[in-house]
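Here is how the chains run, residue by residue.
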2 protein chains.
Amino acid sequence: MIDMDVFYMREALKEAKKGFQEDEVPVGAIIVHNDTIIARGYNMCERLKDPTAHAEMTTITSACNYLQSKYLNECTMYVTLEPCVMCAGALFWAKIGKVVYGARDEKEGAFLIDKNIMHPKTKIKGGVLMGECAYLLTSFFEKKRKLDKKK
Amino acid sequence: MIDMDVFYMREALKEAKKGFQEDEVPVGAIIVHNDTIIARGYNMCERLKDPTAHAEMTTITSACNYLQSKYLNECTMYVTLEPCVMCAGALFWAKIGKVVYGARDEKEGAFLIDKNIMHPKTKIKGGVLMGECAYLLTSFFEKKRKLDKKK
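Let me sum up the structure you'll find in this document. (Residues numbered from 1 in each chain as written. Chains lettered and ligands numbered in written order. Predicted model: local features only at pLDDT ≥ 70, side-chain atom pairs only at ≥ 80, totals over all residues. Heavy atoms only, no water.)

Some words on the sheet that holds strand S3 (residues 75-81) of chain B
Residue and element names in this part refer to chain B.
Part 1 of the reasoning: In space, the five strands of this open sheet follow the order S2-S1-S3-S4-S5, with mixed pairing throughout. Unpaired on one side and paired on the other, strand S2 (36-42) and strand S5 (123-125) mark the two borders of the sheet. Taken pair by pair, the neighbouring strands of this sheet meet at an average axis angle of 15°, ignoring direction.
Part 2 of the reasoning: Of the strand pairs in this sheet, strand S1 (residues 28-33) and S2 are connected by six bridges, and their pairing is antiparallel. Bridging across to S2, His33 finds its partner in Thr36.
Part 3 of the reasoning: Contacts between helix H3 (residues 55-67) and the sheet are confined to S1, S2 and S3, with S2 contributing the most and set at about 145° to the helix.
Part 4 of the reasoning: Across the sheet, helix H6 (residues 130-150) lies against S3 and strand S4 (98-103), angled at about 60° from S4, the strand it touches most. (Pairing = 2+ DSSP bridges. Helix = DSSP H or I, 4+ residues; strand = E, 2+ residues; numbered from the N terminus. Axes fitted to C-alpha atoms, helices over the stretch in contact; angles between N-to-C directions. Contact = heavy atoms within 4.5 Å.)

Below, the structure is given as structure tokens:
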């Protein structure tokens, strides 16, 4: 039997890997509605020179556009890293049904500040493919450090 | 002598009034860099069917695009309402120099949750043209309620 959370998190990981290839902090996200992926994205802060272009933000905008609705209460977001405060705030406004994340963000994760940032009806599940999601991020920052040393 | 904070807040109010005309929750924002307004915007959540399209978010994206920088540390945002958690998170990532807001948001304001959501170097000033900024919002919600009653 396939664990659908693992299946969908692999899709989010594919997005994160695209980010890695483009020298972006590798975080990927997808949004699922009625067993269908309706939006996918990865962090594009460097490419767009826009600090708001996190994977979650662009994916929320895409999904809302697809559904022509401000609300995503029947959707699940899969994201490779625990959302930051900005993204948690956006997920609150979208009234997202469920958030499944991979790696924990011990530095900027929203749940460190206050779990109540999320909408009270939103379900939250963490740690799906945590190792793979975290590995991608640590590899990225190690590569960055090595390049910085060479400069 | 002109109080520049009042001057710029009037510009943010002009934006908020455009929102009012378009049946959006009337919040407006501008971003100032070197005494020049480099970005302006108002809440467009209804028009775009996008819960992330707050005045602050679109204005941050515009200003970053204008400066071709992810950071707005030399900029001031004027916004007619205290930022929510999402927008405060975005202002954190942008490392905005200063935020000047008008009305207090007793319900969704970020500073109620935690003042530390903002970057430690960001200066914050509240209450500029508070009455006018709040009046626009209360008028909007009163109009909405009257229309809802008629339905």
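Quick word on unusual backbone geometry
Part 1 of the reasoning: For Lys95 of chain A, which is not a glycine, the phi torsion comes out positive at approximately 50°.
Part 2 of the reasoning: Following the sequence through the fold, Lys95 of chain A ends up in the loop between helix H4 (85-93) and strand S4 (98-103).

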